[in-house]
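Coordinate analysis (summary)
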Amino acid sequence: MSIVSKDEVIEVLKTVYDPEIPINIVDLGLVYGVEVKGDHVHIEMTLTMPGCPMGEVIAENVKRKVEAIEGIKEVEVEMVWDPPWTPARISEDAMGKIMK
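Structural notes, computed from the coordinates. For clarity, every value in this text was computed on a predicted model and none was experimentally measured. (Residues numbered from 1 in each chain as written. Predicted model: local features only at pLDDT ≥ 70, side-chain atom pairs only at ≥ 80, totals over all residues. Heavy atoms only, no water.)

A few points about a negative patch on the surface
The criterion, for reference: Exposure above 30% relative accessible area and no salt bridge define the residues that can form patches, which grow by joining like charges within 9 Å and nonpolar side chains of Val, Leu, Ile, Met, Phe, Trp and Tyr within 5 Å. For the accessible areas, the method is Shrake-Rupley and the probe is 1.4 Å, while residue cover comes only from the protein chains on display. Just to be clear on terms, a salt bridge is a Lys or Arg side-chain nitrogen sitting within 4 Å of an Asp or Glu carboxyl oxygen. Charge counting treats Lys and Arg as positive and Asp and Glu as negative, with His and both chain ends excluded. Note on charges: their place is set at NZ of Lys, CZ of Arg, CG of Asp or CD of Glu. A run of DSSP states H or I qualifies as a helix once it reaches four residues; a run of E qualifies as a strand once it reaches two. Both are numbered from the N-terminal end.
A contiguous patch of negative charge on the surface is contributed by Asp39, Glu44, Glu74, Glu76 and Glu78. Here the element with the most residues in the negative patch is strand S3 (residues 74-79); it accounts for 3 residues. Within the secondary structure layout, Glu44 lies in strand S2 (residues 40-45).

Re the nonpolar core
The cut-off we apply is this: As used in this record, nonpolar core signifies buried Ala, Val, Leu, Ile, Met, Phe, Trp, Tyr and Cys residues forming a set joined through side-chain atoms within 4.5 Å. Between buried and exposed lies partly exposed: a residue is buried under 20% and exposed over 50% of the maximum accessible area for its type, with that area taken using a 1.4 Å probe on protein chains only. Contacts were defined at the residue level, with two residues in contact if any of their heavy atoms lie within 4.5 Å.
One finds Val9, Leu13, Ile25, Val41, Ile43, Val62 and Val66 to be the most contacted residues of the largest nonpolar core, which totals 25 residues. When near neighbours in sequence (up to four residues on either side) are disregarded, Leu13 contacts Asn24, Ile25, Val26, Val31, Val34, Ile43, Val62 and Val66.

Quick look at the pairing of strand S1 (residues 31-37)
Applied cut-off: Two strands are said to pair when DSSP picks up at least two bridges between them.
Taken together, the 6 bridges between S1 and S2 define a ladder with antiparallel strand orientation. Residue Glu35 lies in a different strand from S2, and its bridge partner there is His42. Between S1 and S2, which pair antiparallel in sequence order, lie 2 residues; one of them, Gly38, sits at a positive phi of approximately 60°.

Observations concerning the environment of Met49
With respect to the element layout, Met49 can be found in the loop between S2 and helix H2 (55-67). Note: C-alpha distance between Met49 and Trp81 (32 residues apart in sequence) is 8.7 Å.

This is the structure in structure tokens:
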């Protein structure tokens, strides 16, 4: 049984931002999956485009912030490109902020 819930991990992921876009990676639609097994977290995510110059920085921030959760010992961040990210993945709430 996991000590940390998937929802707790997602809340922490909402504190990670793409440095070029003022929206967190969850609302931006970059997080495709979060799996928590005991003290191990596997995160599948993507970037707004392959070759994004900030990709490594974003992935490192994800890893660092999730590893800081009490009870988590290992975090694996897997970049996936299928399905490709599109602006349609942006949450309604975040889209409202962009359009202001």
